[in-house]
Amino acid sequence: MIRFIKHLFKHKDYSYRQFLEEVRAGLRDHSLSAMIVEMISRDQGGDFLETMMKEADDTPSGRLEKQLFSYVRQGYYPYFDLKPDIRKAKEWDESPEGIAYYDAENKKRWERMNREHPPRSAIRILKTAELRKSKSGGNPDLPHSVEWPRNPQGIELDFLLQIHCPELPPGMGLPETGMLFFFYDCGEMVWGLEEENDRKFYKVIYSADPLPAASRERQTPGPMPETPAEYLAFECFESRCSDAEEIGEDIKRHQLLGYPLYIQEEDMAPGQLLLLQLDSSEEESGWMWGDCGRLFFWIRPEDLGACNFDHVKLVLECY
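Fair warning: this is a prediction, and the values are worked out from it, not measured in the lab. (Residues numbered from 1 in each chain as written. Predicted model: local features only at pLDDT ≥ 70, side-chain atom pairs only at ≥ 80, totals over all residues. Heavy atoms only, no water.)

### Concerning a negative patch on the surface
Taken together, the side chains of Glu 55, Glu 265, Glu 266 and Asp 267 make up a negatively charged region of the molecular surface. Among the structural elements, Glu 265 can be located in the loop between strand S7 (255-256) and strand S8 (273-279). (Patch = residues over 30% accessible without salt bridge, like charges linked within 9 Å, V, L, I, M, F, W, Y side chains within 5 Å. Areas by Shrake-Rupley, 256 points an atom, 1.4 Å probe, with all protein chains shown as cover. Salt bridge = Lys/Arg side-chain N within 4 Å of Asp/Glu carboxyl O. Lys, Arg positive; Asp, Glu negative; His and termini not counted. Charge placed at Lys NZ, Arg CZ, Asp CG, Glu CD. Helix = DSSP H or I, 4+ residues; strand = E, 2+ residues; numbered from the N terminus.)

Printed below as a string of structure tokens:
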């Protein structure tokens, strides 16, 4: 009721009315998203909306969105005035013409991004029946000198996979000797948002020490049922920035290096390299990251060159 009264008193504010005309024009020419305009004008989304506005780009549409958000924070309620325009825009979005328009615009956007971000060499991780030292599931071949990492409660982290570096394609900037081990607390399933705290729930270990004759068994039960070991093979491929748009959630990809198949945040680790991406694959590996999400391990280029994996950053994203 208070907002409605404020709306009545501010209805004749000339600058505000002029601004609403700009928003209407943006809805008509499709430079503004009807869904985002509705969310802002109704002040829906809470902290997510606040974050989205802080990260809005400096394009004309981004500036209009931020200005609309500012009016809402001042007590205006623009949804009353914009409701008919939002409805028309949403109807057009769902029409064959609207769908074709946005498909074409997305294609242009991804072609531009591919031009701005050249392809990168990457490594696809595949299953193989061949007996190899690289594997996922089962138990790790931790050298006797390496302790199984534990979370703050003293429970051993879940073993994800190990990569025997001599089995990797050469010349990719990854270690050429030794073994990489990846661990994660699948019960706690941290997102990586609180980096200092979340770092206690995952670990990447590099070791060049001799491997033991037998795999190491964990001493504390994990939150997920143990899965049998699956041996891993690797193949090079050309990773493109647009892969994240073109590959749907029904297609799984585990990979090293290249561009991430991000779900929310394209630049989730500025200045860092994608070390490992693990897709959800519940039927095959028992992995389900949030709601069919992906787990990303990032590393600074200088740390990778020095074989220093102590500062790897983890990010979990899901749908």
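Additional details are given in the paragraphs that follow.
### Quick look at the environment of Phe 19
The residue Phe 19 is located in helix H2 (residues 14-28) in this model. The class for Phe 19 is buried, based on a relative accessible area of 1%. For the pair Phe 19 and Lys 203, spaced 184 residues apart in the sequence, the C-alpha separation amounts to 51 Å. Aside from chain neighbours lying at most four places away, what touches Phe 19 is Leu 64, Gln 67, Leu 68 and Tyr 71. (Buried < 20%, exposed > 50% of the residue type's maximum accessible area, 1.4 Å probe, protein only. Contact = heavy atoms within 4.5 Å.)

### Structural notes on the packing of H2 against helix H6 (residues 79-93)
Packing of H2 against H6 leaves a shortest axis separation of 10 Å and a crossing angle of 10°. Judged by the inter-axis angle, H2 sits roughly parallel to H6. For the pair H2 and H6, the contacting residues are Tyr 16, Arg 17, Leu 20, Val 23, Arg 24 and Leu 27 in the first and Asp 81, Leu 82, Asp 85, Ile 86 and Ala 89 in the second. Of the residues contributing to the contact of H2 with H6, the split by class is 7 nonpolar, no polar and 4 charged. (Axes fitted to C-alpha atoms, helices over the stretch in contact; angles between N-to-C directions. Parallel < 35°, antiparallel > 145°, perpendicular 65-115°, else oblique. Nonpolar A, V, L, I, M, F, W, Y, C, P; charged D, E, K, R; others polar.)

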